[in-house]
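# Chains, contacts and geometry: an overview
Here's the letter readout for the chains.
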Amino acid sequence: MGGAADNASSGSSFLFDKSAKIFVAGHRGLVGSAIVRKLQQLGFTNLILRSHSELDLTRQSDVESFFANEKPRFVILAAAKVGGIHANNTYPADFIAINLQIQTNVIDSAYRYGVEKLLFLGSSCIYPKFAPQPIPEDALLTGPLEPTNEWYAVAKIAGIKMCQAYRIQYKWDAISGMPTNLYGPNDNFHPENSHVLPALMRRFHEAKVKGAKEVVVWGSGSPLREFLHVDDLADAVVFLMEEYSDLGHLNVGSGKEVSIKELAELVKEVVGFEGDLVWDKSKPDGTPRKLMDSSKLAELGWNPKISLKDGLVDTYKWYVQNVQQ
Ligand SMILES: NC(=O)C1=CN([C@@H]2O[C@H](COP(=O)(O)OP(=O)(O)OC[C@H]3O[C@@H](n4cnc5c(N)ncnc54)[C@H](OP(=O)(O)O)[C@@H]3O)[C@@H](O)[C@H]2O)C=CC1
Ligand SMILES: C[C@H]1O[C@H](OP(=O)(O)OP(=O)(O)OC[C@H]2O[C@@H](n3cnc4c(=O)[nH]c(N)nc43)[C@H](O)[C@@H]2O)[C@@H](O)[C@@H](O)C1=O
């Protein structure tokens, strides 16, 4: 045991050795499954995958034993307690405790058992509620957080800081990417605990099937959100593993924002629901706007490819084939 101190910024290639052992934590989720698809397309043959029931990442000694036995060369950390505005607001203890436990165990064991490079995923909700728009990376910790997700955001900020601290103290190659709101195959379509896009897709689909006249949508419809297809995010993750090795976290967004009302109309059109929208203003709007400034990533050479309309069509096709009863 002794860490991977000599590997920070060593310049060794992620893409070169397709037999390198890569632990994708959270491989059954929206993000983890997209990363696995991408790595398999690229020809990687030695992915180390554990479901939650096989390895509970909140259990420190189990995580240590896993790293001691497997000794992966690379780690992509896409396991987390994740949910939409209602789940974040209702289960604050779970969102702060589980996320702190998972990321602390994985980051520390990865360093101790010689992992060469680790990528941590945060979220655009790390930024202050009233951050300047588009939000640059240096807006972090400049103002109060959005109350509906501050517990999750505090855990994610701790994850960024932990990667930075290990880089500074141990010269270890830990990097952080901050994705905007994501969607795509293997999303969580739970009626209450999911994010807005899968929630509306399911609600419109069920209303279409039942011939309902109305669908309820939460809040005022005025908040603005930026959406990125998860296959674009997986592409960016591989790009960062290959190209980026530095202290600062990097935003990963599409650069395009829509209001929740516009999103609801678009999902309605893609699903083919012909009734009306009813706005439930008793539900929280959350942060009014969170468009990230992803120009640093663009300057490094990465840009998204999938438009929101194409991504919605693709996701609805997946939903109909895989989820709906
Ligand atoms: N979805 C989004 O819009 C965004 C996501 N992100 C970030 O991307 C990452 C992945 O999110 P996403 O894919 O959406 O989330 P999902 O909920 O789809 O997937 C999370 C994964 O983590 C696993 N997991 C959760 N708890 C544990 C645990 N205790 N031990 C082992 N595995 C566990 C889950 O396993 P199981 O299913 O078996 O429980 C699941 O595979 C997170 O860090 C999230 O913050 C960032 C911005 C936006
Ligand atoms: C990615 C990011 O996502 C979360 O933040 P959020 O962007 O506020 O998440 P959301 O997708 O749940 O909501 C977006 C907007 O949409 C509205 N809205 C309408 N109707 C439904 C609806 O049916 N479900 C949901 N969930 N929202 C709805 C809702 O009221 C809100 O105005 C963080 O908690 C955190 O998880 C995080 O990191």
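Residues numbered from 1 in each chain as written. Chains lettered and ligands numbered in written order. Predicted model: local features only at pLDDT ≥ 70, side-chain atom pairs only at ≥ 80, totals over all residues. Heavy atoms only, no water.

## Some details on the sheet that holds strand β6 (residues 181–183)
Here is the rule we go by: Two strands qualify as a pair provided DSSP detects at least 2 bridges between them. Secondary structure elements follow DSSP: runs of H or I no shorter than four residues count as helices, runs of E no shorter than two count as strands, and numbering proceeds from the N terminus. Between N-to-C directions, angles span 0 to 180 degrees; the directions come from axes that are lines fitted to C-alpha atoms, helices contributing only their stretch in contact. Working rule for contacts: check all heavy atoms of both residues, and any pair within 4.5 Å makes them a contact.
Strand order in the open sheet formed by three strands is β6-β8-β10, with mixed pairing between adjacent strands. Of all strands in the sheet, those bounded by a partner on one side alone are β6 and β10 (257–259). Strand-to-strand twist across the sheet, computed as the mean angle between neighbouring axes with direction ignored, equals 50°. Relative to β10, strand β8 (residues 224–229) runs antiparallel, the two being bridged by three bridges. Looking at β10, one finds that R225 is bridged to V258. Helix α8 (residues 260–271) contacts β8 and β10 of the sheet and is inclined by roughly 85° relative to β10.

## Notes on the site of ligand 2
As a reminder, the rule being used: Being near a molecule or strand, for a residue, means having at least one of its heavy atoms within 4 Å of it. Contacts described as polar in this section are N or O atom pairs within 3.5 Å, which, within protein, must combine one atom able to donate a hydrogen with one able to accept it, while residues neighboring in sequence count only if both atoms come from side chains. Exposure was quantified through the Shrake-Rupley algorithm and a 1.4 Å probe, taking into account, for residues, occlusion by the shown protein chains and nothing else. Note on residue categories: nonpolar means Ala, Val, Leu, Ile, Met, Phe, Trp, Tyr, Cys or Pro, charged means Asp, Glu, Lys or Arg, and polar means any other residue, Gly included.
In the neighbourhood of ligand 2, 22 residues make up the surrounding shell, with G83, S123, R203, P284 and D285 lying closest. Contact distances for ligand 2 include 3.5 Å between an oxygen atom and a side-chain N or O atom of N149. Contact with the protein chains hides 98% of the accessible area of ligand 2, taken as 700 Å² for the molecule alone. The dominant element in the shell around ligand 2, judged by the number of residues it contributes, is helix α6 (residues 196–210), at three residues. Considered class by class, the residues forming the shell around ligand 2 number 10 nonpolar, eight polar and four charged.

## Section: α8
Just so we agree on the cut-off: Any helix carries an expected span of 1.5 Å times its number of residues minus one. Whether a residue is buried, partly exposed or exposed follows from its accessible area with a 1.4 Å probe, protein chains only, as a fraction of its type maximum: under 20%, in between, or over 50%, in that order. Regarding the arc, it is the one traced by the directions from the helix axis to the C-beta atoms.
Counted at 1.5 Å a residue, the expected span for α8 with its 12 residues is 16 Å, and the 16 Å between its end C-alpha atoms agrees. Looking at α8, one finds that the buried residues are I260, L263, A264, V267, K268, V270 and V271. Looking straight down α8, one finds its buried side chains confined to an arc of 165°; they lie on one side. Packing partners of the buried residues in α8 comprise α6, β8, β10, β11 (276–280) and α10 (308–322). G272 lies just past α8 and shows a positive phi near 90°.

## Re the side chain of S259
If you trace the backbone, S259 turns up in strand β10. Filtering out sequence-adjacent residues up to four positions away, S259 remains in contact with G221, S222, P223 and L224.

## Points about the sheet that holds strand β2 (residues 47–48)
With parallel pairing, six strands are arranged side by side in an open sheet as β2-β1-β3-β4-β5-β9. The sheet is open, and its two borders are formed by β2 and β9 (250–252), each paired with just one other strand. With two bridges connecting them, strand β1 (residues 22–25) and β2 associate as parallel partners. Note on β2: the bridge partner recorded for F23 is I48. Packed onto the sheet, helix α7 (residues 230–243) meets β3 (74–77), β4 (117–121), β5 (173–179) and β9 and runs at close to 145° relative to β4.

Coordinates in, geometry out; function isn't part of it.
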